[in-house]
Amino acid sequence: MTSHRVARRVTLAVVGVLAVAALVVSMVGVSLVRRSFPQTEGQITIPGLSGTVDVLRDDRGIPQIYGDSVADIAKAQGFVHAQDRFFEMDLRRHITSGRLSELVGDAGLETDKVIRTMGWRRIAEAELPTLEPSTRTYLQAYADGVNAYLRGRSPSKASLEYVVLGTRVKDYSIEDWTPADSIAWLKAMAWDLRGDYSDELARARLSTRVTPTQIAELYPPYDLANEPILSAQDWQPTAAGGQSSAVPPALARSRAATAAPSSSVARIVAASDTPSAQQAYAAVGRALDAVPQLLGRGDGIGSNSWVVGPDKSATGKPLLANDPHLSPGQPGIWYQIGLHCRQKSEQCPLEVAGFSFSGVPGVVIGHNDRISWGFTNLGPDVSDFYLEQVDGDTVLRGTTFEPLTTRREVIKVAGAADVSMTVRSTRHGPLMSDVLEDFGDAGERSPVPKSDAPAVIGQDYAVSMAWTGLRATKTADAILKLNAAQNFPEFREAARSFAVPAQNLIYADVDGHIGYQAPGQVPVRTSAFPGSPPGYWPAPGWDEAYDWKGDVPFESMPTSLDPPEGFLVTANQAVTASATPFLTTQWDYGYRAQRIRDLITQATKDGGKVTAQKMASIQLDTRNEFAPVLVKALLAVPLRGAEDSETEAEFTREAQDLLRDWDHTTPADDSRAGAAAAYYNAVWANLLRLLFDDEVPEDLQANGGSRYFAAVGRLLDNPKSAWWDNRQTAGVTEGRDEILRQAQVEARLELTKRLGKDPDDWRWGALHTLELTHQVLGGDSVPGYVRAVFNRGGHRMPGGSSIVNANGWDASVGYETNWAPSMRMVVDLGNLDRSTWINQTGASGHAFSSHYDDQTEDWVKGRQDPWPFTEKAVRESAEDELSLVPEKAS
């Protein structure tokens, strides 16, 4: 599900009168705007510090923190995060606690109901005492630093957003920050980056609209022509047992073949012919869509990360690149920072810099003085939906009914009465279909596997959700261990704690080693059908055969150190070519990954070496790897239809000619390639609409991501597929060539209206724009004067979906960019001061700060800034220095 409902952000109707807009405009240039700007020079007293902490900021406002203890550095990080991004932090904690309505009124109520049902905050509070003492100490010190910033500070002195919201939400007061606030944000990260949940529901809803063969065509198997992360050479068992290429026998038996279940779908039976189950599936879909995208969600949310070993590097040391693809916004998701112990020791091991989340201590992605690491989404299937047969407050289990677990939640709503709700859960998890009113149509039957435990006819159905993120885990431990790790064994040990979201972790160190580790809690469960992987369809909750059977052991998770090939590429593709996949079968289909591999191979041909500059240029590659396949088919189609004149055909041919000598790149502006890219992408969007929209629900329309590359590629070789017939044209069977012709004709007409009659004047960037919107005050329901204060945009973007420069777009919505590289970095392990980085927006969350969006233009153009790391380099680049000092003893 990646159309407008997945693109939904927390753009809420929090202001409704022009008087508010006038108020905001009147603020410009007056002291109220600057009240919340941080002090970046001089001295500030912070309670609880054991010594002075120095905060050095460069010309981008990026802080580097120097202290004598981990606790002091954590306090300073909390203080600095709050200085620059506190409204973002406060918004995140309200969302993740199910308390958004307290901040924005009843516009946040649906979100609160869903998150209270899942219980993110309750899980975070349960998780805190399970963490290592050092982590708890770090989290508390961080919270103390945030609260030191908040001490005596009114909301208007914390951020301008509170002034605007104050016209609707009266008497709002800021609460102290707690360690659980930080942990809850990790649940949000895990939620957005989990795999397969939407496809499982989508297949259930499609099962009575289209044939099993069509579903299999829409979810094709992974094509290993796009190489996986690890080859058989890369992943070998060792005598010490540190690596294992062998899937445990019990685990292997529980997994199924990678092929989509075309034949097995015929054996799927309905649990009931009543609409109850269908309404439950649809209600879950609506509930999931009510959760705001905090990092991003859907097929396009992924990342590129790769590492080149010393033998292929021009520096003789590894080079590591990373650019996570997440939802764009203002401010951006990441916050750059450096954390440095003045004297590194076992007690104070921090010497690290990189990208952090405001609200969470430590560095999430970056490097320390010995190692560097990057993330891409692993995307294992870590959630399952269960169709549950309920009778009042009981649920069927085997042949008898057992009580549901219930709890009461009270949601406070600013400007309105409290709302009370009851959360019901089964042993699998919360009943997500309870949360919001049922909507939509999910077909006539609910596909669930045939079960030996019979359903009881005549009962209501609900849908529960099992998800690894609803457990207490130790991901917070992992972040701090990664920051201090000095070698690959310590890196792997840190990864062991990284439970959710499961990520592909790549590694490089100053000694010349490169490596990979897949961490995370991945459940083991029985396959529903022969030939069908677990989690492909919702399971019958009344049959214990489909319950989870534990997790994949960490020792069985894929890993590699110094692979023979000399480099590693992770871009959300399959991890291994195993015939018994135990992570998921719903990978990204590997077009970005293969393109990166090809570019590295080309650069190292005949003894060539990869430079840091080459690493950065690869991040900007805009070639569409599916385009050669589709263009060949498009050019082979006659453009004159049965009722068309030659003049009409020639009109379309003028546009089609752009494709004949196109190099398949997708630049934004001022080139013939830019014109061709505009036409190609318009053809692609129209082709998807003509192929699929007549047979799928509106909220499941094709987004155009890598799965559709793979699906359409196979359909081109199958001209008799039912997908090529438009059901809305009674008595007519179009066929492949007619649909391809119509797509080209429609695209020509569309772009003529939008961009002009002459195809040579078309530009991809004129269609493919980017608006960086504020998460609360940036939406269409907010007056334009207010949006103008908080939003930034109008950027013409290159690249696209499943392209290395992944400025993605949703073909079911429009051409505008709705996911993108959230940052870019290239780390040079030969000289860390030669590393480079860039953020999507800027360090500041204050709308009128010079650092609110001062990195955006360079980010759009693909430029990166120098990344100073050693104290000498940091001080040479510093423009401001702030000293945080302890309170004087009385």
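Anything mentioned here points back to the structure above.
If you're wondering where the values come from, they're calculated on a predicted model, not measured in any experiment. (Residues numbered from 1 in each chain as written. Predicted model: local features only at pLDDT ≥ 70, side-chain atom pairs only at ≥ 80, totals over all residues. Heavy atoms only, no water.)

**Student:** Before we go on, may I ask you to explain the overall build of the chain in this structure?
**Tutor:** If you tally the helices and strands in the chain, you get 27 helices and 30 strands. Burial status across the chain gives 64% buried among its 890 residues. At a minimum sequence separation of 6, the contacts of the chain that also span at least 24 residues come to 77%. Accessible surface, the chain as shown: approximately 30300 Å² in total, 49% of it carbon and sulfur. (Helix = DSSP H or I, 4+ residues; strand = E, 2+ residues; numbered from the N terminus. Buried < 20%, exposed > 50% of the residue type's maximum accessible area, 1.4 Å probe, protein only. Contact = heavy atoms within 4.5 Å. Areas by Shrake-Rupley, 256 points an atom, 1.4 Å probe, with all protein chains shown as cover.)

**Student:** How do you make sense of helix 19 (residues 627-635) when you look at a structure like this?
**Tutor:** In an α-helix, one full turn covers 3.6 residues, which means residues spaced three or four apart are oriented alike. Turning to helix 19, its buried residues number three or more, namely Ala627, Leu630, Val631, Ala633 and Leu634. Down the axis, helix 19 shows its buried residues gathered within 160° of arc, on one side only. Looking at the buried side of helix 19, the elements it contacts are helix 20 (646-656), helix 21 (672-692), helix 22 (706-716) and helix 23 (736-755). (Arc of directions from axis to C-beta.)

**Student:** Please explain the state of the cysteines as it appears in this structure.
**Tutor:** Defined simply, a disulfide is a covalent bond joining two cysteines at their sulfur atoms. Across all of its chains, the model carries one disulfide by this definition. The disulfide partner of cysteine 341 is cysteine 348, and the gap between their sulfur atoms is 2.0 Å. For the disulfide bridge between cysteine 341 and cysteine 348, the dihedral angle about the S-S bond is near -90°, and by the sign convention the bridge is left-handed. By relative accessible area, cysteine 341 is classed as buried at 4%. Since its relative accessible area comes to 3%, cysteine 348 is described here as buried. (Disulfide = S-S within 2.5 Å.)

**Student:** When you look at the sheet that holds strand 9 (residues 365-368) in this model, what are you seeing that I'm missing?
**Tutor:** Strands pair in a sheet through their backbones, by hydrogen bonds, and they do so in one of two ways: parallel or antiparallel. If you walk across this open sheet you meet the 11 strands as 1-30-2-3-7-8-9-10-18-19-21, and the pairing is mixed. The two strands at the open ends of the sheet, each matched to only one other strand, are strand 1 (42-46) and strand 21 (559-561). Strand-to-strand twist in this sheet, taken as the mean axis angle between neighbours without regard to direction, amounts to 15°. Bridge count for strand 1 against strand 30 (residues 880-886) is five bridges, and the pairing is parallel. (Pairing = 2+ DSSP bridges. Axes fitted to C-alpha atoms, helices over the stretch in contact; angles between N-to-C directions.)

**Student:** Teacher, can you tell me more about the side chain of serine 849 here?
**Tutor:** Relative to the elements of secondary structure, serine 849 occurs in the loop between strand 28 (836-839) and helix 26 (856-861). On the basis of relative accessible area, serine 849 is assigned to the buried category, the value being 15%. Only 3.0 Å separates the side chain of serine 849 from the backbone nitrogen of histidine 851, close enough to count as a polar contact. Each residue touching serine 849, except ones within four places of it in the same chain, is listed here: Phe37 and Ser844. (Polar contact = N/O pair within 3.5 Å; in protein donor to acceptor, adjacent residues only side chain to side chain.)

**Student:** Where do I start with the environment of valine 210 in this structure?
**Tutor:** Along the polypeptide, valine 210 turns up in the loop between helix 11 (197-206) and helix 12 (212-218). Using a relative accessible area of 6% as the deciding quantity, one classes valine 210 as buried. C-alpha of valine 210 to C-alpha of glutamate 695: the two residues are 485 residues apart in sequence and 7.1 Å apart in space. The residues contacting valine 210, other than those within four sequence positions of it, are Ile215, Glu695, Trp723 and Arg727.

**Student:** What exactly am I supposed to notice about helix 6 (residues 120-127) here?
**Tutor:** Among the residues making up helix 6, those that are buried are Trp120, Arg121, Ile123, Ala124 and Glu127. Along the axis of helix 6, the buried positions cluster into a sector of 160°, meaning they face one direction only. At its buried positions, helix 6 is contacted by helix 3 (70-96), helix 5 (109-118), helix 10 (179-192) and strand 17 (460-467).

**Student:** I keep staring at the nonpolar core and nothing clicks. Help me out?
**Tutor:** Generally speaking, a soluble globular protein has its nonpolar side chains buried in company with each other. The biggest cluster of nonpolar side chains holds 213 residues, and the ones touching the most others in it are Phe86, Trp684, Leu687, Phe692 and Leu884. At 16 residues, the largest contribution of residues to this core is made by helix 21. Those residues in contact with leucine 884, other than ones at most four positions away along the chain, are Ile44, Ile46, Leu49, Gly51, Thr52, Val53, Val55, Ala76 and Phe79. Of all hydrophobic cores here, the second largest spans 18 residues; its members include Leu319, Phe567, Leu599 and Val804. (Core = buried A, V, L, I, M, F, W, Y, C linked by side-chain atoms within 4.5 Å.)

**Student:** What should I look at first to understand empty space enclosed by the protein in this one?
**Tutor:** Space left empty within the atom packing is revealed by a probe, the size of a water molecule, rolled over the atoms. If you walk through the whole model with that rule in mind, you get 13 cavities of 30 Å³ or more. Of the volumes computed, that of the second largest cavity is approximately 240 Å³. Lining the second largest cavity are 25 residues, with Glu88, Gln330, Pro331, Gly332 and Gln775 positioned closest to its centre. With seven residues, helix 3 is the largest single contributor of residues to the lining of the second largest cavity. (1 Å grid on protein atoms, 1.4 Å probe; cavity = no way out; pocket = protein on both sides within 12 Å on 5 of 7 lines; lining within 4 Å. Points joined across faces, edges and corners; volume = space filled by probe spheres on them.)

**Student:** What's the story with the packing of helix 21 against helix 22 in this structure? I'm lost.
**Tutor:** Axes are the key here: two packed helices are described by the angle between their axes and the distance separating the axes. Contact pair helix 21 / helix 22: the axes reach a minimum separation of 12 Å and the direction vectors enclose 70°. Overall, the two elements helix 21 and helix 22 adopt an arrangement that is roughly perpendicular. The handedness of the crossing between helix 21 and helix 22 is left-handed. Contact with helix 21, carried on its side by Trp684, Leu687, Leu688, Leu691 and Phe692, involves Tyr708, Phe709, Val712 and Leu715 of helix 22 and no other residues of that element. (Parallel < 35°, antiparallel > 145°, perpendicular 65-115°, else oblique. Left-handed = near helix turned anticlockwise from the far one by under 90°.)

**Student:** When you look at the packing of aromatic side chains in this model, what are you seeing that I'm missing?
**Tutor:** For any two aromatic rings, the description comes down to two numbers: the centre-to-centre distance and the angle of the planes. Using the criterion set out here, one finds 29 aromatic pairs in the structure. For the ring pair phenylalanine 79 and tyrosine 149, a centre distance of 5.9 Å and an interplane angle of 85° mean the geometry is edge-to-face. Here tyrosine 149 lies in helix 7 (residues 133-150) and phenylalanine 79 lies in helix 3, a separation of 70 residues in the sequence. Residue classification places phenylalanine 79 among the buried residues on the basis of a relative accessible area of 3%. The class of tyrosine 149 is buried, set by a relative accessible area of 2%. Summarising the aromatic geometry, the rings of tryptophan 334 and phenylalanine 355 are spaced 6.3 Å apart at their centres and angled 75° between planes, so their arrangement reads as edge-to-face. (Phe/Tyr/Trp six-rings, centres within 6.5 Å; stacked < 30°, edge-to-face > 60°.)

**Student:** I keep staring at the packing of helix 15 (residues 475-484) against helix 16 (residues 488-496) and nothing clicks. Help me out?
**Tutor:** In the contact formed by helix 15 and helix 16, the axes pass within 8 Å of each other and the chain directions differ by 170°. As judged from the angle between their axes, helix 15 and helix 16 are roughly antiparallel. Taking contact as the criterion, the partners of Ala478, Lys481, Leu482 and Ala484 in helix 15 are, on helix 16, Glu490, Phe491 and Ala494. Residues that form the contact of helix 15 with helix 16 fall into these classes: five nonpolar, no polar and two charged. (Nonpolar A, V, L, I, M, F, W, Y, C, P; charged D, E, K, R; others polar.)

**Student:** Would you explain the pattern of salt bridges in this entry?
**Tutor:** Note that side chains of opposite charge can pair when their charged atoms are close. Applying the stated rule across the entire model yields 56 salt bridges. For aspartate 621, the salt bridge goes to arginine 595, with nearest N and O atoms at 2.9 Å. In this pair, aspartate 621 is assigned in the loop between helix 18 (612-618) and helix 19 and arginine 595 in helix 17 (residues 591-603), connecting sequence segments 26 residues apart. Judged by relative accessible area, aspartate 621 falls into the buried class, the value being 14%. Between arginine 660 and aspartate 657 there is a salt bridge, with its nearest N and O atoms 2.8 Å apart. Here the salt bridges do not stand alone but share partners, grouping Asp90, Arg93, Arg121, Glu125 and Asp181 into one network. (Salt bridge = Lys/Arg side-chain N within 4 Å of Asp/Glu carboxyl O.)

**Student:** I keep staring at unusual backbone geometry and nothing clicks. Help me out?
**Tutor:** The bulk of non-glycine residues show a negative phi, and the bulk of peptide bonds are trans. Going from glutamine 330 to proline 331, the amide bond is cis rather than trans, its omega being 0°. Residue placement: proline 331 occurs in the loop between strand 6 (319-326) and strand 7 (335-341). Looking along the chain, the bond that leaves valine 500 and enters proline 501 is cis, with omega of -5°. Along the chain, proline 501 falls in the loop between helix 16 and strand 18 (503-509). The phi torsion at aspartate 562 lies on the positive side, around 50°, for a residue other than glycine. The topology assignment puts aspartate 562 in the loop between strand 21 and strand 22 (567-570). The residue asparagine 572 is not glycine, and still its phi comes out positive at about 75°. In this fold, asparagine 572 is placed in the loop between strand 22 and helix 17. Since its relative accessible area comes to 7%, asparagine 572 is described here as buried.

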